[in-house]
Amino acid sequence: MKKTISVLLTFIIVILNFIPVHASDSFEKSIKEYEYRCYLSSPIPYTSKKFDDLLISDNITQFVFFFKGYEEYTIGVCSSNKFTRDYLIQQLNLNIAQVNDEIANQSENKTNSCNNNLKKLEINDLELIYFEFVEEHDLNETYENKEFKENIDGEIYCLNAFAEENISERYSKSKYEESISKANNELLKLPINYCYHKTVSGREMYHDGFSNTDSYCSTNLSSPHKGDGNRRYSSGHNWLPTRIHVGFESNVSPGYNKTKLYFMYNSENYRNLNSDSNEALELEVVFFNYYNNPVSRRGRAYQYAINCSWNSNMGSSAYLDTNFGDIEYEVHMCVGCSDTSTLSQNSLHYWTINSVADAHTDSYPNDGKFHIVCQRSYRYLGSGAWHVYGEEHEQLWYPLLTETLDWYENSAYYYADTGTSIYYYNGEDPVW
């Protein structure tokens, strides 16, 4: 750990959860970078000297704040370079304006009138709730698989768990063999735990209720198989949001585009989602980025996961998902929810991501093409992006796609230029 971090954090009582990213090689092959997340036991005001001291550190990659008194609204700012005050203020002001607009819009929709008395949230209302930083490790050194470290003041605790190098792709449209069709599911609802995990002699085993077979799970650090193992949607327990809509905006600040996703749950689908206590949810917008395809099938993403900032009304359960393990030629945008029990029924939740836009100097047929992906997940060993895992036995679901349609017809540029959104209504529109 660089000296600036170790010195500056001695005054902060934190719990530091370590889960490594798929780190880049340095010039010396024995050195790799790993990312740490640092949760604060008490929020640090943006206006405090403690935060000023953190800001001058040279290896922090993300700051995440909420608003004092408005804790449901969360803002995160990422940087691939050393943070500067100017960059941070620019991104915070962009997101604060978006949060204020969202508060005003939702208030207007509820009251059918504009409420001029709404408090305008300001940068000085922000409090830091966690941050992330990177540290280099010499792979020639010997580490235990899980090693607790403690600094000299006993105030910082690190959990090291080095990941395996080969991580299988999480996103695959391959279908599981099922002995019951979706059409039958509309008529017959099987028990929600018709398929489930169980532990036998210390190993995870999966019971497939459709075929009435048991099999051992192949577990690793990216797929621990510690979820419920349910195939709820296939059993007739529809857990997808009852409504999703996505919109885009170009040039929200110089060189940046915006993606915004709304979703809502009715009471039945909310119960289907929250059948157990560790449910998480990732609703993603995935951009086509196959720039090496033949020209007739080439396309670049509308925006990239670079120097991004984000905001959401999912409270402290919100986290910026990583592209770790995702398909190389697709760009995944997502603010996940690590605890879906904190969501409200029949309320509009959202996330917004602002990030570096494609230069769009060339024009290809699939530029800005995208689709939505819904993934039911679970928490294990903590919370946030590095502690949320997709349910290994329940496939991903793609609203508005069909067997012959992989990407939506209209691109993000179309919706940004027309000021419109794409909508999915559960029970009315197709899901693949």
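Residues numbered from 1 in each chain as written. Predicted model: local features only at pLDDT ≥ 70, side-chain atom pairs only at ≥ 80, totals over all residues. Heavy atoms only, no water.

What follows deals with the overall build of the chain. Summing up its helical and strand segments, the chain has 6 helices and 21 strands in all. Looking at the chain residue by residue over its 432 residues, the buried ones come to 56%. For the chain, restricting intrachain contacts to residue pairs at least 6 apart in sequence, the fraction spanning at least 24 positions comes to 72%. Summed over its atoms, the accessible surface of the chain is roughly 19,900 Å², and 48% of this surface lies on carbon and sulfur atoms. (Helix = DSSP H or I, 4+ residues; strand = E, 2+ residues; numbered from the N terminus. Buried < 20%, exposed > 50% of the residue type's maximum accessible area, 1.4 Å probe, protein only. Contact = heavy atoms within 4.5 Å. Areas by Shrake-Rupley, 256 points an atom, 1.4 Å probe, with all protein chains shown as cover.)

Counting across every chain of the model gives 18 salt bridges. Note that lysine 49 is salt-bridged to aspartate 53, the shortest N-O span being 3.0 Å. Of this pair, lysine 49 and aspartate 53 both sit in helix H2 (residues 49-55), 4 residues apart, which is roughly one turn of that helix. Note on aspartate 53: relative accessible area 18%, which makes it buried. Across the salt bridge formed by aspartate 228 and arginine 376, the nearest N and O atoms sit 3.0 Å from each other. (Salt bridge = Lys/Arg side-chain N within 4 Å of Asp/Glu carboxyl O.)

A word on the packing of aromatic side chains. Going through the model one piece at a time under the given rule, you end up with 29 aromatic pairs. Between the aromatic rings of tyrosine 291 and tyrosine 329, the centroid separation amounts to 5.5 Å while the plane-to-plane angle is 70 degrees, which identifies the pairing as edge-to-face. Residue tyrosine 291 is found in the loop between strand S13 (279-288) and strand S14 (309-312), and its partner tyrosine 329 is found in the loop between strand S15 (318-320) and strand S16 (330-333); the two are separated by 38 residues along the sequence. When its relative accessible area of 28% is taken as the criterion, tyrosine 291 is described as partly exposed. For the pair tyrosine 414 and tyrosine 415, a centre-to-centre distance of 5.1 Å together with 80 degrees between the ring planes defines the contact as edge-to-face. (Phe/Tyr/Trp six-rings, centres within 6.5 Å; stacked < 30°, edge-to-face > 60°.)

Next up on the list: the sheet that holds strand S9 (residues 203-208). Across the sheet, which stays open at both edges, the 3 strands sit in the order S8-S9-S10 with antiparallel pairing between neighbours. Of all the strands in the sheet, the pair left with one neighbour each is strand S8 (196-200) and strand S10 (213-216). On average, each strand axis in the sheet is tilted by 30 degrees relative to the strand beside it, whichever way the strands run. (Pairing = 2+ DSSP bridges. Axes fitted to C-alpha atoms, helices over the stretch in contact; angles between N-to-C directions.)

Locating phenylalanine 370 in the fold gives a position in strand S19 (residues 370-379). The exposure class of phenylalanine 370 is buried, given its relative accessible area of 0%. Sequence-wise, phenylalanine 370 and valine 286 are 84 residues apart; in three dimensions their C-alpha atoms are separated by 5.4 Å. Excluding residues within four positions of it along the chain, phenylalanine 370 makes contact with Phe248, Val285, Val286, Phe287, Trp407, Tyr408, Asn410, Ser411, Ala412, Tyr415 and Ile422.

Attention now goes to the pairing of strand S12 (residues 256-264). For S12, a buried count of 9 out of 9 residues is recorded, marking the element as mostly surrounded by other parts of the structure. Residues Tyr256, Lys258, Lys260, Tyr262 and Met264 of S12 are buried on one face, and the alternating residues Asn257, Thr259, Leu261 and Phe263, pointing to the opposite face, are buried as well. Once strand S11 (residues 243-253) ends, the chain turns through 2 residues before running back antiparallel as S12, passing glycine 255 with a positive phi of about 80 degrees.

The next subject is the nonpolar core. Judged by nonpolar contacts, the single largest core of 60 residues is most densely connected at Trp239, Phe248, Phe263, Phe287 and Phe370. Grouped together as the second largest cluster of nonpolar side chains are 35 residues, Phe65, Phe67, Val252 and Leu348 included. (Core = buried A, V, L, I, M, F, W, Y, C linked by side-chain atoms within 4.5 Å.)

To continue, consider the side chain of asparagine 354. Assignment of secondary structure puts asparagine 354 in strand S18 (residues 349-356). Look at asparagine 354 and you get buried, because its relative accessible area is 0%. Separated by 3.3 Å, the side chains of asparagine 354 and asparagine 95 make a polar contact. If near-sequence neighbours (up to four positions away) are discounted, asparagine 354 is found in contact with Leu94, Asn95, Gln98, Val252, Tyr256, Asn257, Lys258, Gln303, Asn307, Cys308, Ser309 and Asn311. (Polar contact = N/O pair within 3.5 Å; in protein donor to acceptor, adjacent residues only side chain to side chain.)

So, about the side chain of asparagine 426. Assignment of secondary structure puts asparagine 426 in the segment after strand S21 (421-425). Setting aside residues no more than four positions away along its own chain, asparagine 426 makes contact with Asn238, Leu240, Pro241, Thr242 and Asn269.

If you trace the backbone, tryptophan 407 turns up in the loop between strand S20 (388-390) and helix H6 (412-418). Each C-alpha atom of the pair tryptophan 407 and lysine 369 lies 6.4 Å from the other, and the pair is 38 residues apart in sequence. Ignoring sequence-local partners within four residues, the contact set of tryptophan 407 consists of Val286, Phe287, Phe288, Tyr290, Glu330, Lys369, Phe370, His371 and Leu401.

Across the chain, the average pLDDT comes to 81, with 77% of residues at or above 70. A low-confidence stretch, residues 1-30 (pLDDT under 50), is modelled with 92 contacts involving residues beyond four sequence positions or located in other chains. Here residues 142-187 is a poorly scored stretch, pLDDT under 50, and it has 112 contacts once near neighbours within four places are set aside; other chains count. (pLDDT = per-residue confidence, 0-100.)

Moving on, we get to the pairing of S11. Looking down a regular strand, the side chains alternate between one sheet face and the other. As paired strands, S11 and S12 are joined by 8 bridges and run antiparallel to one another. Opposite phenylalanine 248, over in S12, you have threonine 259 as the bridge partner. Relative to S21, S11 runs antiparallel, the two sharing 5 bridges. The residue bridging glycine 247 from the neighbouring strand is serine 421, located in S21.

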